[in-house]
Amino acid sequence: MYRIAQLAFALLLCVTLTGCYHARIETGLAPSAEVIDIPFAKGFIFGLVPPDVVKAGETCTSGVAIVETQHSFVNQLVAGITFGIFTPMHITVTCASGSAMGQLETDIELNVAADASSEDIINTFEQAAEEAAESDKRVLVRFE
C-alpha cells in the first residue's frame with residue numbers, strides 16, 4: 001500500500017510540476033485587438049509533423065505583431081492519452097494595428113528598376129547595408 005501511495009504521489013508531482021511549453025515572437029509592430037486563436041492546431045508524432053501554417057495574411061492586412069504557440073495542459077493531456085500520436089498546440093496570432101509599411105516612412109528608401117541587371121541589384125543591396133550600418137536606420141529596397 002505504501003508503494004502505491006509513493007507512485008501516486010510521484011505521478012501527481014510530475015503532472016503538477018510540468019510546465020506548459022510556450023514560445024512568443026514579437027515583430028515590433030503595435031498590436032491590435034484582432035486575434036486569430038486556434039486552441040487545437042493539429043500536430044502529430046510528438047510534434048514531428050507540425051500543425052498547418054496559419055494564413056494570417058488574409059486576416060491581418062497590416063501585418064502580424066505577435067505570434068504565440070503553447071502546449072496547454074489540455075493539449076498535453078490529449079498528447080499523453082494518444083501516446084504522442086496526436087499532439088495539438090494552441091496558436092495565437094495578434095494582428096498589427098495600422099499599416100506595416102507606413103512605419104517605414106522615416107527610414108531610408110532605395111529604388112531598383114524592374115529591368116535592373118544583377119550587378120545593379122547587388123550594388124543597391126550593398127549600398128542599403130552600408131547606409132543601415134552607418135545611420136542605424138532601416139533601409140527599404142523597393143523594386144519598381
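Residue numbers here run from 1 along each chain, matching the order of that chain's written sequence. Since the coordinates come from a predicted model, pLDDT governs what is reported: local features require at least 70, and pairs of side-chain atoms require 80 or more to be given and counted, while whole-chain, interface and lining totals use all residues. Computation of side-chain values: all heavy atoms of the structure, hydrogens and water removed.

Participant: What am I meant to see in the packing of aromatic side chains here?
Facilitator: Any two aromatic rings considered together are summarised by their centre-to-centre distance and by the angle between their planes. Any pair of Phe, Tyr and Trp rings, taking the six-membered ring for Trp, is counted once the centres come within 6.5 Å. Such a pair is stacked with planes under 30 degrees apart, edge-to-face with planes over 60 apart, and tilted for the rest. The tally for this structure, following the rule as stated, stands at one aromatic pair. Between Phe44 and Phe86, the aromatic rings sit 5.7 Å apart at their centres with planes inclined by 50°, giving tilted as the arrangement. On the criterion of sequence distance, the pair formed by Phe44 in the loop between β2 (31-41) and β3 (64-70) and Phe86 in the loop between α2 (73-81) and β4 (89-96) is long-range, its members being 42 residues apart. Three labels apply to residues, based on accessible area from a 1.4 Å probe with only protein chains included: buried if under 20% of the type maximum, exposed if over 50%, partly exposed otherwise in between. Among the residues examined, Phe86 registers a relative accessible area of 21% and is labelled partly exposed. Under the scheme used here, helices are H or I runs from DSSP no shorter than 4 residues and strands are E runs no shorter than 2 residues, and both carry numbers assigned from the N terminus.

Participant: Is there a simple way to explain the state of the cysteines in this structure?
Facilitator: Linking two cysteines covalently through their sulfur atoms gives a disulfide. Note on terminology: pairs of cysteine sulfur atoms within 2.5 Å are recorded as disulfides. Tallied over the full model, the rule gives one disulfide. The disulfide partner of Cys60 is Cys95, and the S-S distance across this bridge is 1.9 Å. Taking the torsion about the S-S bond as the criterion, the Cys60 to Cys95 disulfide, at about -60°, is left-handed. One end of the pair, Cys60, is in the loop between β2 and β3; the other, Cys95, is in strand β4, with 35 residues separating them in the sequence. Like Cys60, the residue Cys95 is buried in the burial classification.

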